[in-house]
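# Commentary on secondary and tertiary structure
The residues making up each chain are set out below.
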Amino acid sequence: MAVTIKDVAKQAGVSPATVSRVIADNPRISSKTKVKVREVMEGLGYFPNFQARNLVGKKSQTLGVIMENSATLAFQNPFFPEVLRGISTRAHGSQYGLYLSTGATQEEIYREVVEMVQGRRVDGIVLLYSKIGDPVMQYLAESGLPYSVVGRPFTDPCSVSYVDNDNINNAKETVEYLVGLGHRNIAFVGGAADFVVSLDRLEGYKQALAQHGIPFDEAYTVNQELMGGGEREAIRQLMALEIPPTAIVTHDDMVAYEVIGYLEDLEIGVPEDVSIIGFNNHAISRHLKPPLSTVDISIYDLGLHAAELVLEKITDESTPPKQVVVASRLIERGSCRRL
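Residues numbered from 1 in each chain as written. Predicted model: local features only at pLDDT ≥ 70, side-chain atom pairs only at ≥ 80, totals over all residues. Heavy atoms only, no water.

## Observations regarding the packing of aromatic side chains
Following the criterion strictly, the structure yields five aromatic pairs and no others. Between Phe79 and Phe80, the ring centres sit 5.3 Å apart and the planes meet at 85°, which makes this aromatic pair edge-to-face. There is no split in this pair, since Phe79 and Phe80 are both buried. Both rings, one in Tyr110 and one in Tyr139, keep their centres 5.8 Å apart while their planes meet at 70°; by these two values the pair is edge-to-face. Within this pair, whereas Tyr110 is found in helix H6 (residues 106–118), its partner Tyr139 is found in helix H7 (residues 135–143), the two being separated by 29 residues in sequence. Judged by its relative accessible area of 12%, Tyr139 is buried. Counting every residue linked through ring pairs, the aromatic cluster contains Phe188, Tyr205 and Phe216. Across from the ring centre of Phe279, 4.2 Å away, lies the NZ or CZ of Arg201, which sits over that ring. (Phe/Tyr/Trp six-rings, centres within 6.5 Å; stacked < 30°, edge-to-face > 60°. Buried < 20%, exposed > 50% of the residue type's maximum accessible area, 1.4 Å probe, protein only. Helix = DSSP H or I, 4+ residues; strand = E, 2+ residues; numbered from the N terminus. Lys NZ or Arg CZ within 6 Å of the ring centre and 35° of its normal.)

In structure tokens:
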């Protein structure tokens, strides 16, 4: 439950009116009392909404949008501008604005979300990622504020409104496509292991190998934790295996770009020596040399549906949680070849 002025007043041993005067920085309140009340506010995680005093009973007409890391880093990935385009289109239709998170660390993002909720700065929140044990999602679930998630929640997904692709099946299809081209030594370069999308795509990769009678080999999998900042060396070791992969499934197009760059440094050609396939179908992927084979996950639609889900909840709090699966399609381009 959200912390209220009454909670602060009770712990500070003053009246709610005194707390309000401290918030307003009333000169008649002693410095000692101000310090005491502000320390309690900090300890309880209470963030006053200064606008609310003049907007009692009204909506902020704003949706909070929470990214997985700082805005500077997020906007380097074409996924985020495109998903935001979908969110903003639907929000604009309901005369809602967007409030983007700006925190650079998980702690800063968490604090920012608490401020959004307790300060009533937003009417609802769209979370643009799903992680295992994420304190932000846990807080939102307990806060009572309407929210939706882009990505399948790891725990009790049916209790949360979310939109996602069928990431397990999508990954299976990429492997099956490569197998159809004659590849059997297929590597997987994944994302961070605590993101649900990473786990789902790895699971789909494993399932596809099993269905085609290809043994799973841990040496053929690489993720961000294993690389530990040594991406170039991790790819070098992968290609230096006694039987190197002839094809690589990458977590997304951004990872594929990096892998292709490392392979060029090793004088390994794409697709002459190794085939590469990604996810997300960023606009630039078709312009690479060679053009990147990828899975179009309909990023714009993910954002559009995420905004729709949270706006439905804002309009009617009794709306039950909904789960939306957005269609995807594999796009064949020049980065993959038949053996």
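## Quick look at unusual backbone geometry
Residue Pro271 follows Val270 across a cis peptide bond; omega there is 5°. Residue Lys289 is joined to Pro290 through a cis peptide bond whose omega torsion reads 0°. Mapping Pro290 onto the fold places it in the loop between strand S9 (275–279) and strand S10 (293–296). A positive phi angle is found at Gln61, which is not glycine, with a value near 55°. Position of Gln61 among the secondary structure elements: in the loop between helix H3 (31–44) and strand S1 (62–66). The class for Gln61 is partly exposed, based on a relative accessible area of 31%. The phi angle at Asp156 is positive, at roughly 50°, despite the residue not being glycine. Tracing the backbone through its elements, the reader meets Asp156 in the loop between strand S4 (147–150) and strand S5 (162–164). The class for Asp156 is partly exposed, based on a relative accessible area of 48%.

## Things to note about the confidence of the model for the protein
With 91% of its residues at a pLDDT of 70 or more, the protein shows a mean pLDDT of 90. Across residues 51–57, confidence stays below pLDDT 50; counting only partners more than four residues off in sequence or on other chains, it has one contact. (pLDDT = per-residue confidence, 0-100. Contact = heavy atoms within 4.5 Å.)

## Quick notes on the sheet that holds S4
Strand order in this open sheet of six strands is S2-S1-S3-S4-S5-S11, and the pairing throughout is parallel. The sheet is open, and its two edges are formed by strand S2 (97–100) and strand S11 (323–325), each paired on a single side. For this sheet, the mean angle separating the axes of adjacent strands, direction not counted, is 20°. With four bridges joining them, S1 and strand S3 (residues 124–127) adopt parallel strand pairing. Paired with Val65 across the strands is Val126, a residue of S3. In this fold H6 packs onto S1, S2 and S3, with an angle of close to 165° to the strand it touches most, S1. Packing of H7 onto the sheet brings it into contact with S3 and S4, and relative to S4 it is tilted by some 150°. (Pairing = 2+ DSSP bridges. Axes fitted to C-alpha atoms, helices over the stretch in contact; angles between N-to-C directions.)

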